[in-house]
Amino acid sequence: MIQANMQLDAKGLACPMPIVKTKKAITDLEEGQVLEVQATDKGSKADLAAWASSVGHQYLGTVEEGDVLYHYIRKGSNEPEVEKTFEHTVSLHEIESRNGLILDVREAAEYVFGHIEGAKSIPMGELETRLGELDKEQEIYVICRTGKRSDLAAQLLANNDFTKVYNVLPGMNEWNGKITKDT
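Residues numbered from 1 in each chain as written. Predicted model: local features only at pLDDT ≥ 70, side-chain atom pairs only at ≥ 80, totals over all residues. Heavy atoms only, no water.

*Asks:* What am I meant to see in helix 2 (residues 44-55) here?
*Replies:* Structural remark: α-helix, 3.6 residues per turn; residues separated by three or four positions point the same way. Here helix 2 is 12 residues long and its end C-alpha atoms lie 16 Å apart, about the 16 Å a rise of 1.5 Å per residue gives. Inspection of helix 2 places Ser-44, Ala-46, Asp-47, Leu-48, Ala-50, Trp-51, Ala-52, Ser-54 and Val-55 among the buried residues, and these make up the whole buried set. Packing partners of the buried residues in helix 2 comprise helix 1 (17-26), strand 2 (34-39), strand 3 (58-65), strand 4 (68-74), helix 5 (124-127) and helix 6 (148-159). One or two residues past the end of helix 2 sits Gly-56, with phi positive at roughly 90°. (Helix = DSSP H or I, 4+ residues; strand = E, 2+ residues; numbered from the N terminus. Expected span 1.5 Å × (residues − 1). Buried < 20%, exposed > 50% of the residue type's maximum accessible area, 1.4 Å probe, protein only. Contact = heavy atoms within 4.5 Å.)

Here is the structure:
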């Protein structure tokens, strides 16, 4: 394992809590020091990597031992962190009246237990390698559980020349419409 200066226990927490706790813990480190984040949420791998790069920290990688993921992040500059958020957003109720692709970036298990009918599942951790499955000319409405992971995914799409991208807020945890379940 990588030598860490501090450990953070985020086991049992779901998105966005591993990121929230990581943001708070990393402020106690000096530039160049390493934070070990212990998590059980499979989505935390993509979430923490995307978050770290969006605020100037270095995501070193993840080691899996059983059900626990050990994430390693090297603290970047001590300049104040300015977290970029994706500027183009739509609300949950707006997506029902719009034409376009609903892109669900939650983990496969989350998607199977309930998603918006017709949504395409590409987990955040697979998105970069599966960009070719998406049409750059189509409106894409990115959704996750809370809006945090979808924000990072929307930024990734925009950075890869997708121009009609919207982050859906607040996310599936507040969706009251019809859901489809895959078995």
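Structure shown, so let's carry the discussion forward.
*Asks:* How do you make sense of unusual backbone geometry when you look at a structure like this?
*Replies:* A negative phi angle is the norm for most residues apart from glycine, just as the trans form is the norm for most peptide bonds. Each neighbour pair has its own omega, and for Cys-15 with Pro-16 the value is 10°, a cis peptide bond. Along the chain, the position of Pro-16 falls in the loop between strand 1 (6-10) and helix 1. Omega for the peptide link from Leu-169 to Pro-170 comes to 10°, which places this bond in the cis form. Here Pro-170 shows up in the segment after strand 9 (165-169).

*Asks:* What am I meant to see in the pattern of salt bridges here?
*Replies:* When charged atoms on two side chains of opposite charge get close, those side chains can pair. Summed over the entire model, instances satisfying the criterion amount to 11 salt bridges. A salt bridge links Asp-41 to Arg-149, with the shortest nitrogen-to-oxygen separation between them at 3.8 Å. Taken together, the residues span a long stretch of sequence, with Asp-41 in the loop between strand 2 and helix 2 and Arg-149 in helix 6 at a distance of 108 residues. Across the pair, Arg-149 and Asp-41 agree in class, each one buried. A single network of salt bridges, built from pairs that share partners, joins Asp-41, Asp-47, Glu-110 and Arg-149. (Salt bridge = Lys/Arg side-chain N within 4 Å of Asp/Glu carboxyl O.)

*Asks:* Which parts of the structure should I look at to understand the sheet that holds strand 8 (residues 140-143)?
*Replies:* Adjacent strands of a sheet pair through backbone hydrogen bonds, lying either parallel or antiparallel. As summarised here, the arrangement of the five strands in space is 5-9-8-6-7, forming an open sheet in which the pairing is parallel. Every interior strand has two partners, whereas the edge strands, strand 5 (89-91) and strand 7 (120-121), have only one. Two strands pair when backbone bridges link them, and strand 8 and strand 9 are joined in this way by three bridges, in the parallel orientation. From the neighbouring strand, Ile-140 faces strand 9, where its bridge partner is Val-165. (Pairing = 2+ DSSP bridges.)

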